[in-house]
Amino acid sequence: PGRAKRLLLSQLFQPFNLQAGGEVGCDGRAGEFSCRSQKLMLQAGLIHPASPGCYHYLPPTVRAMEKLIRVMDEEMQAVGGQKVNMPSLSSAELWQASGRWDKMGMELFRLEDRHGKGYCLGPTHEEAVTELVAAHSNLSYKQLPLRLYQITRKFRDEPKPRFGLLRSREFYMKDMYTFDASEEAARQTYKLVCGAYRSLFNRLGLPFVEVQAATGNIGGTMSHEFQLPADVGEDRLVLCPDGHFAANVETLNGEQTSCPTCGEKLTQTRGIEVGHTFYLGTKYSSVSNAVFCSPENKPQLAEMGCYGLGVTRILAASIEVLSTEDNIRWPSLITPYQLCFIPPKRGSKEEEEGAALLDGLYNDVAKALPRLAGDSVLDDRTQLTIGKRLKDANKLGYPYVIVAGKRVCEDPPVFEVWNQNAGEVLFLTKEGVIELLSKAQVP
């Protein structure tokens, strides 16, 4: 009692590869890094290549992903989302009925079971969810709107997977599917979910733009992408400098150079797509006969929308846009660990007293701020200098690094605190440290 369980850095399964010059592929050959997030995530032991376009996510990455999912759950449930979980294996018959079995072509991972029945590994779940809703033939207009979402692994047979988690063959996605009683209601839902996406990216502190987009393989009549501007982005965007207009260039007829609203010259940038919304109408509900009973007691096709957020892509894209060449910076809300404690170097004159004082601070923080109790790491590699451990902490992007340095033996003890996101170093007593950390965000 009173002692928080220590997470020791030496025991954390995060094999540093901080000197690596390039990615070692699954065939053992070294390759070049294709972007900053890939390089930083591999070097910091956040991911490890398994096969082309597939990665092991190591414990710190899984923590960041679980935090991101908590934030997504909050935003989806705030707009009436109900969480489901659909199979990754999707029947070929469903995809043939919608016409996408052929349309998606080589992008689908296809397989047959022992009885010769065809399946694909789901890259998205419009067919499956519509079939699920259609199976409940007694659905009433009183039960609408229905907003179902899941957060699962998705599969896409990318011809050339690259950029680490930004374009991989296996990835995590949040996909929501909505069913409304009328086009007007479905457009209202569309506005609501787009608002939830804006709220999510604002909470993460990510510099996103919302642009008009093509409907592509998903279909429907209206679509928007949420993009993080970045040089490595694969999408070309045009933006009005005053914010009146933003589009993916693939939606434009010819070369549009000025804003249709204010006439200002459009600027061009590249972006990483992290979210996509579609108004589908009855494209899928008409195939599966997903109907509800209207107030006049007649069967009526549901009006649908679908909404995707790339979970693992947001992780990588946020590292891409927030980090420096050498040091990872996470959105504070989803950083794997908020705090890193660095005790004195072994053999230093502060060693004994400093280690005990830091240990006491660790317990006091856990007691005063229980939400941070599991969010702290102790860098117990005391054979290394404080400077070397600080450099590693900087590379890994902990928002707060607390050091028992030269002033720890003063009366009262003073700790050196690196507030990474503010870019400042503070010298604080125990009370000062706790007050500063009370501002730390944890979902």
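- For the protein chain, the name recorded in an unreviewed UniProt entry is Probable proline--tRNA ligase, mitochondrial, with Caloenas nicobarica as its organism.
- Its UniProt record, at the heading Subcellular location (unreviewed entry), says of the protein chain: "Mitochondrion matrix".
- Under the UniProt heading Function (unreviewed entry), the note attached to the protein chain is "Mitochondrial aminoacyl-tRNA synthetase that catalyzes the specific attachment of the proline amino acid (aa) to the homologous transfer RNA (tRNA), further participating in protein synthesis. The reaction occurs in a two steps: proline is first activated by ATP to form Pro-AMP and then transferred to the acceptor end of tRNA(Pro)."

## Topic: the packing of helix α2 (residues 59-78) against helix α8 (residues 311-322)
Part 1 of the reasoning: At a closest axis distance of 10 Å, the pairing of α2 and α8 adopts a crossing angle of 115 degrees. Taken as axis vectors, α2 and α8 run roughly perpendicular relative to one another. Like other packed secondary-structure pairs, α2 and α8 cross with a definite hand, here right-handed. Counted together, Thr61, Ala64, Met65, Leu68, Ile69 and Met72 of α2 and Val311, Thr312, Ile314 and Leu315 of α8 form the full contact between these two elements.
Part 2 of the reasoning: In terms of residue class, the contact of α2 with α8 is made up of 8 nonpolar, 2 polar and no charged.

## Looking at the sheet that holds strand β8 (residues 118-121)
Part 1 of the reasoning: An order of β6-β8-β7 is seen for the 3 strands of this open sheet, with the pairing classed as antiparallel. Single-partner strands in this sheet number two, and they are β6 (89-91) and β7 (109-112). On average, each strand axis in the sheet is tilted by 40 degrees relative to the strand beside it, whichever way the strands run.
Part 2 of the reasoning: Relative to β8, β6 runs antiparallel, the two being bridged by 3 bridges. Bridge pairing in β8 links Ser90 to Cys120.

## Considerations on the UniProt feature "domain: Aminoacyl-transfer RNA synthetases class-II family profile" (unreviewed entry) in the protein chain
Part 1 of the reasoning: Here the UniProt feature "domain: Aminoacyl-transfer RNA synthetases class-II family profile" (unreviewed entry) sits at residues 66-331.
Part 2 of the reasoning: Between the first and last C-alpha atoms of residues 66-331 the distance is 14 Å; the span itself is 27% helix and 31% strand.

## Remarks on the environment of Glu416
Part 1 of the reasoning: Along the chain, Glu416 turns up in strand β22 (residues 415-419).
Part 2 of the reasoning: When its relative accessible area of 19% is taken as the criterion, Glu416 is described as buried.
Part 3 of the reasoning: The spacing of Glu416 and Leu428 is 12 residues in sequence and 6.6 Å in space, taken between C-alpha atoms.
Part 4 of the reasoning: Not counting chain neighbours up to four residues away, the residues in contact with Glu416 comprise Leu390, Val401, Ile402, Val403, Val425, Leu426 and Phe427.

## Some thoughts on helix α11 (residues 430-437)
Residues that lie three or four places apart on an α-helix share one face, since the helix turns once every 3.6 residues.
Part 1 of the reasoning: Among the residues of α11, those classed as buried are Gly432, Val433, Ile434, Leu436 and Leu437.
Part 2 of the reasoning: On its buried face, α11 is in contact with β19 (339-342), α9 (351-368), β21 (400-403), β22 and β23 (424-428).

## Details of the nonpolar core
Part 1 of the reasoning: Of all hydrophobic cores here, the largest spans 67 residues; its most connected members are Phe201, Ile314 and Tyr398.
Part 2 of the reasoning: Looking at this core element by element, the count peaks at 9 residues for helix α6 (residues 183-204).
Part 3 of the reasoning: Excluding residues within four positions of it along the chain, Phe201 makes contact with Leu206, Phe208, Phe226, Val274, Leu309 and Ile314.
Part 4 of the reasoning: Counting residues in hydrophobic clusters, the runner-up holds 21 residues, among them Leu358, Leu369, Tyr400 and Ile402.

## Looking at the environment of Gly216
Part 1 of the reasoning: Note on placement: Gly216 falls in the loop between β11 (209-212) and β12 (222-229).
Part 2 of the reasoning: A residue is classified by how much of its surface remains accessible, and Gly216, at 48% relative accessible area, is partly exposed.
Part 3 of the reasoning: Through-space distance from the C-alpha of Gly216 to that of Leu58 is 33 Å; in sequence the pair is 158 residues apart.

## Considering the packing of helix α1 (residues 36-43) against α8
Part 1 of the reasoning: One can describe the packing of α1 onto α8 by two numbers: an axis separation of 8 Å at closest approach and a directional angle of 105 degrees. Put simply, α1 runs roughly perpendicular to α8. Between α1, through Arg36, Ser37, Leu40 and Met41, and α8, the contact on the second element is made entirely by Ala316, Ile319 and Glu320.
Part 2 of the reasoning: Here the residues of the contact of α1 with α8 sort into 4 nonpolar, 1 polar and 2 charged.

## Focus: α6
Part 1 of the reasoning: In a regular helix each residue adds 1.5 Å, so 22 residues correspond to 32 Å; α6 covers 32 Å between its end C-alpha atoms and thus fits that length.
Part 2 of the reasoning: Every buried residue of α6 is accounted for by Ala186, Thr189, Tyr190, Val193, Cys194, Ala196, Tyr197, Leu200, Phe201 and Leu204. Buried positions in α6, seen along its axis, are confined to an arc of 155 degrees and lie on one side of it. Seen from the open side of α6, the exposed residues pointing more than 90 degrees away from its buried face are Glu184, Lys191 and Asn202.

## A few points about the side chain of Ser90
Part 1 of the reasoning: By secondary structure assignment, the location of Ser90 is in strand β6.
Part 2 of the reasoning: A distance of 3.0 Å separates polar atoms of two side chains, one belonging to Ser90 and the other to Trp95.
Part 3 of the reasoning: Those residues in contact with Ser90 that sit more than four places away from it in its chain are Trp95, Tyr119, Cys120 and Ala128.

## Re unusual backbone geometry
Part 1 of the reasoning: A cis amide bond links Leu144 with the next residue in sequence, Pro145, at an omega value of 0 degrees.
Part 2 of the reasoning: Among the structural elements, Pro145 can be located in the loop between α5 (126-134) and β9 (146-155).
Part 3 of the reasoning: One non-glycine residue, Asn289, lies in positive phi territory at about 60 degrees.
Part 4 of the reasoning: Within the element layout of this structure, Asn289 appears in the loop between α7 (285-288) and β16 (291-293).
Part 5 of the reasoning: Residue classification places Asn289 among the partly exposed residues on the basis of a relative accessible area of 47%.

## Quick word on the pairing of strand β4 (residues 54-57)
In regular strands, side chains alternate between the two faces of the sheet.
Part 1 of the reasoning: Taken together, the 4 bridges between strand β3 (residues 47-51) and β4 define a ladder with antiparallel strand orientation. Its bridge partner being in β4, Ser51 is matched across the sheet by Cys54.
Part 2 of the reasoning: With antiparallel pairing between neighbouring strands as the criterion, β3 and β4 make up a hairpin whose turn holds 2 residues, including Gly53 at a positive phi of roughly 80 degrees.

## Considerations on the sheet that holds β22
Part 1 of the reasoning: An order of β20-β19-β21-β22-β23 is seen for the 5 strands of this open sheet, with the pairing classed as mixed. Only two strands of the sheet have a single partner each, and these edge strands are β20 (376-378) and β23. For this sheet, the mean angle separating the axes of adjacent strands, direction not counted, is 20 degrees.
Part 2 of the reasoning: Pairing of β22 with β23, which is carried by 5 bridges, proceeds in the antiparallel orientation. Its bridge partner lying in β23, Val417 is registered against Leu426.

About the thresholds
Residues numbered from 1 in each chain as written. Predicted model: local features only at pLDDT ≥ 70, side-chain atom pairs only at ≥ 80, totals over all residues. Heavy atoms only, no water. UniProt positions renumbered as here; feature names shortened; annotations may be inferred. Axes fitted to C-alpha atoms, helices over the stretch in contact; angles between N-to-C directions. Helix = DSSP H or I, 4+ residues; strand = E, 2+ residues; numbered from the N terminus. Parallel < 35°, antiparallel > 145°, perpendicular 65-115°, else oblique. Left-handed = near helix turned anticlockwise from the far one by under 90°. Contact = heavy atoms within 4.5 Å. Nonpolar A, V, L, I, M, F, W, Y, C, P; charged D, E, K, R; others polar. Pairing = 2+ DSSP bridges. Buried < 20%, exposed > 50% of the residue type's maximum accessible area, 1.4 Å probe, protein only. Core = buried A, V, L, I, M, F, W, Y, C linked by side-chain atoms within 4.5 Å. Expected span 1.5 Å × (residues − 1). Arc of directions from axis to C-beta. Polar contact = N/O pair within 3.5 Å; in protein donor to acceptor, adjacent residues only side chain to side chain.

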